[in-house]
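Take a look at the letters that make up each chain.
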Amino acid sequence: MQQYYFQNNILNLKVKKSPFLVRLVMFLLSFSFFVFPIFGAIFSVVLGFGLHIGFFIGIGIFSLLGFYLLRMSLWNTYGEETISFFDDRIIYEANYGWFKDGKKETVISNPNFYAVPAGYEEDNEGVLVIALDNVQIESVVKMPILQLEELIKILTSSNLE
């Protein structure tokens, strides 16, 4: 499966989906982190035990954990990075499917492209790095090294300067 798509100076890097069972468990856990603390507070009030400050602290902490887990679940399901190349700058954006991360704009002209190994050595995977002097953009999407080398050839041969 090809994980990249490059056209009109816009590079899309797609995350390889995690196994279905892993994604299902992550979505169920994130949903339960949101719902169970709220149900616990409601049942406590209905049963006459009252509402305590601890419920709000628990709801807050578990909501943050649920949001983080939801974000990881969405990334492992719909994750995609969009890198737009312009004459004097590069715009990076992460897309989680249901929402997008903030755009990061970096001033780079004549960028250098190279691959950095990532993950376990036997997986033979890496990430794309776009750099110039002390400014660099490192992709999060892991791709096979052969695909990365092919992508780097395409990027360097394209007219990005």
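Residues numbered from 1 in each chain as written. Predicted model: local features only at pLDDT ≥ 70, side-chain atom pairs only at ≥ 80, totals over all residues. Heavy atoms only, no water.

Observations concerning helix H1 (residues 20-46)
Link 1 in the chain: Relative to the 39 Å expected for 27 residues at 1.5 Å per residue, H1 spans 38 Å between its end C-alpha atoms, a close match to the ideal helical length.
Link 2 in the chain: The largest bend in H1 comes to about 30 degrees, at Ser32.
Link 3 in the chain: Once H1 finishes, Gly48 follows within two positions and takes phi at roughly 90 degrees, a positive value. (Helix = DSSP H or I, 4+ residues; strand = E, 2+ residues; numbered from the N terminus. Expected span 1.5 Å × (residues − 1). Bend = angle between axes of the 7 residues up to and from the residue.)

So, the pairing of strand S2 (residues 10-14)
Link 1 in the chain: Burial of the side chains of S2 is restricted to one face: Leu11 and Leu13 are buried, whereas none of Ile10, Asn12 and Lys14 on the reverse face is.
Link 2 in the chain: Remark: two residues form the turn of the hairpin made by strand S1 (residues 4-7) and S2, two consecutive strands paired antiparallel; Asn8 in that turn has positive phi of roughly 55 degrees.
Link 3 in the chain: In this structure, S2 lies alongside strand S3 (residues 80-85), joined through five bridges in antiparallel fashion. Of the residues in S3, the one forming a bridge with Lys14 is Glu80. (Buried < 20%, exposed > 50% of the residue type's maximum accessible area, 1.4 Å probe, protein only. Pairing = 2+ DSSP bridges.)

Observations regarding the side chain of Thr106
Link 1 in the chain: Mapped onto the elements of the fold, Thr106 is located in strand S5 (residues 104-106).
Link 2 in the chain: Dropping the residues within four chain positions of it, Thr106 is found in contact with Asp88, Arg89, Ile90, Val135 and Ile137. (Contact = heavy atoms within 4.5 Å.)

Let's talk about the pattern of salt bridges
Link 1 in the chain: The final tally for this structure, using the stated rule, is three salt bridges.
Link 2 in the chain: Asp101 is the partner of Arg71 in a salt bridge, and the nearest nitrogen-oxygen pair spans 3.8 Å. Residue Arg71 is located in helix H2 (residues 53-78), and its partner Asp101 is located in the loop between strand S4 (90-95) and S5; the two are separated by 30 residues in the primary sequence.
Link 3 in the chain: Overall, Arg71 belongs to the partly exposed group, its relative accessible area being 32%.
Link 4 in the chain: Where salt bridges share partners, they join Asp88, Arg89 and Glu105 into one cluster. (Salt bridge = Lys/Arg side-chain N within 4 Å of Asp/Glu carboxyl O.)

What to know about the pairing of strand S7 (residues 125-132)
Link 1 in the chain: With seven of eight residues buried, S7 is to be regarded as a mostly interior element.
Link 2 in the chain: Sheet topology places strand S6 (residues 112-118) next to S7; seven bridges connect them, and they run antiparallel. Among the inter-strand pairings, Ala115 is bridged to a residue of S7, identified as Leu128.
Link 3 in the chain: The loop that links S6 with its antiparallel partner S7 comprises six residues; one of these, Gly119, has a positive phi angle of about 80 degrees.
Link 4 in the chain: With two bridges joining them, S7 and strand S9 (residues 143-144) adopt antiparallel strand pairing. Bridge pairing links Gly126 to Met143 in S9.
Link 5 in the chain: Taken together, the four bridges between S7 and strand S8 (residues 135-138) define a ladder with antiparallel strand orientation. Pairing of Leu132 across the sheet is with Val135, part of S8.
Link 6 in the chain: Counting the residues that bridge the hairpin from S7 to S8 gives two residues, and of these Asp133 lies at a positive phi of roughly 55 degrees.

Describing unusual backbone geometry
Link 1 in the chain: With a phi close to 60 degrees, Asn9 is a non-glycine residue in the positive phi region.
Link 2 in the chain: Note that Asn9 resides in the loop between S1 and S2.

Notes on the UniProt feature "transmembrane region" (unreviewed entry) in the protein chain
Link 1 in the chain: UniProt records the feature "transmembrane region" (unreviewed entry) at residues 20-43 and 49-70, using the numbering of this structure.
Link 2 in the chain: For residues 20-43, the helix share is 100%, the strand share is 0%, and the end-to-end C-alpha distance is 33 Å.
Link 3 in the chain: Secondary structure content for residues 49-70 is 82% helix and 0% strand, and the end C-alpha separation is 31 Å. (UniProt positions renumbered as here; feature names shortened; annotations may be inferred.)

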